[in-house]
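Here's the letter readout for the chains.
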Amino acid sequence: MEETEKAERKKVILSGIQPTGVFTLGNYIGAVKNWGKMQDEYHCAYFIADLHSLTIRQDPAALRRQSLDAFALLLACGIDPEKSLVFIQSHVPTHSELSWVLSCYTQFGELSRMTQFKDKSARHADNVNAGLFTYPALMAADILLYQADMVPVGDDQRQHLEFTRDIATRFNNLYGSTFKLPEAYIPKAGARVMSLQEPTKKMSKSDENQNAFITILDEPNVIINKFKRAVTDSEKEVRFSEGKDGINNLMTIYSVFTGKTMEQIEAEFEGKGYGDFKLAVGEVVVEEPREVRENFKRYIADKAYLEQVYRAGAEKAAAISARTMTKVKKKVGLLASL
Ligand code: ATP
Ligand code: LTN
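Bear in mind the structure is a predicted one, so any value in this text is a computation, not a measurement.

Novice: Would you explain the site of ligand 1 in this entry?
Specialist: The environment of ligand 1 is formed by 21 residues, the closest being Thr-20, Asp-156, Lys-202, Ser-204 and Ser-206. Val-193 is positioned such that a nitrogen or oxygen atom in its backbone is 2.8 Å from a nitrogen atom of ligand 1. Lys-202 places a polar side-chain atom, nitrogen or oxygen, 2.4 Å from an oxygen atom of ligand 1. Starting from 600 Å² of accessible surface for ligand 1 in isolation, the protein chains cover 97%. Ranked by residues supplied to the shell around ligand 1, first place goes to helix H2 (residues 25-38) with four residues. Split by residue class, the shell around ligand 1 holds six nonpolar, ten polar and five charged.

Dropping the structure here:
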């Protein structure tokens, strides 16, 4: 490529989200909200990681419904199919195909060190399946197939991104330049929203305690009530400091939605109790979900439109990813069929 052409190449952004439930406030401010903002400046690709959700036992009918809901939610959160490539992971076979090849270049030891694997296998001790173990190889395939430059994710995915870079480097060293090395794009504030009930744990859409998370489809009164019930501490001061996990989390959320610094928030609530503060957090949060909720209702009512968008997305994703897949097959020595 010419130097000038190289400089003008728009960066490729890629990210995915599992259809394991309605997106939480954590998914939204840690990831999805930023995806929308990047659409004008970059080539963006976003997908529903349904294959990844098979690593935990799912009810088939519920998974199908949740996948369509998640796809509609992506659009409702502002992802515009005219600007971004949007698709469903299982509709694009190259993901599984590259995942297999990459897993043959991945060591048992490095997968054993993944904290998400350790957490999830502890939580689902009766189903520590091979897919849960090789989850990072599929994620690396998702990213490397599209030669992504940047991957906007929450803090919990940092280690998976490091792994993706390690695999890409290893492959490139063995076979010559094949994959672009992706960077994680992790926001400064809101990259790790904590559970409202156990603030030392990350907020997760598959938490069985409904009060632990806010979803982007929750009604205003539900949001306010969940914040009212949020676990804090036995002090009274709204102050950001070590050990005050509940308050730190609420302050972070308030800061993301108001743009205020921690010092400004401390000053605003000086002399006021936690009750006033929790209510204020709820009130600043309710507006954005209101908009998403209305958009979602419109999209989910139009199944034909959703189908048309995900079919077109899959077709385009298959064509783009096939370029990398063909290269990989050739490099590792698989006999060409065409
Ligand atoms: P599950 O509960 O099924 O594991 P999850 O809520 O962790 O799901 P994912 O689909 O795994 O959600 O993640 C989608 C995106 O949201 C990822 O980029 C992830 O880093 C981000 N994310 C998930 N939880 C949080 C959180 N609590 N705070 C900020 N970002 C988050
Ligand atoms: N593992 C991610 C979801 C995911 C993903 C990806 C994110 C699957 N493939 C590729 C970024 C890029 C998670 O959020 N748990």
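Novice: It is not clear to me how the site of ligand 2 should be interpreted in this structure. Could you clarify?
Specialist: Around ligand 2 sit 14 residues, and of these His-52, Tyr-135, Met-139, Asp-142 and Gln-157 come closest. A distance of 2.7 Å separates a nitrogen atom of ligand 2 from a polar side-chain atom of Tyr-135. Within the contact set of ligand 2, a nitrogen atom lies 2.6 Å away from a side-chain nitrogen or oxygen of Asp-142. When ligand 2 is considered free in solution it has 360 Å² of accessible area, and contact with the protein chains removes 91% of it. Residue assignment for the shell around ligand 2 shows that the elements contributing at least two residues are strand S1 (12-17) and helix H8 (130-145).

Reading the values: the criteria
- Residues numbered from 1 in each chain as written.
- Chains lettered and ligands numbered in written order.
- Predicted model: local features only at pLDDT ≥ 70, side-chain atom pairs only at ≥ 80, totals over all residues.
- Heavy atoms only, no water.
- Near = heavy atom within 4 Å.
- Polar contact = N/O pair within 3.5 Å; in protein donor to acceptor, adjacent residues only side chain to side chain.
- Areas by Shrake-Rupley, 256 points an atom, 1.4 Å probe, with all protein chains shown as cover.
- Helix = DSSP H or I, 4+ residues; strand = E, 2+ residues; numbered from the N terminus.
- Nonpolar A, V, L, I, M, F, W, Y, C, P; charged D, E, K, R; others polar.

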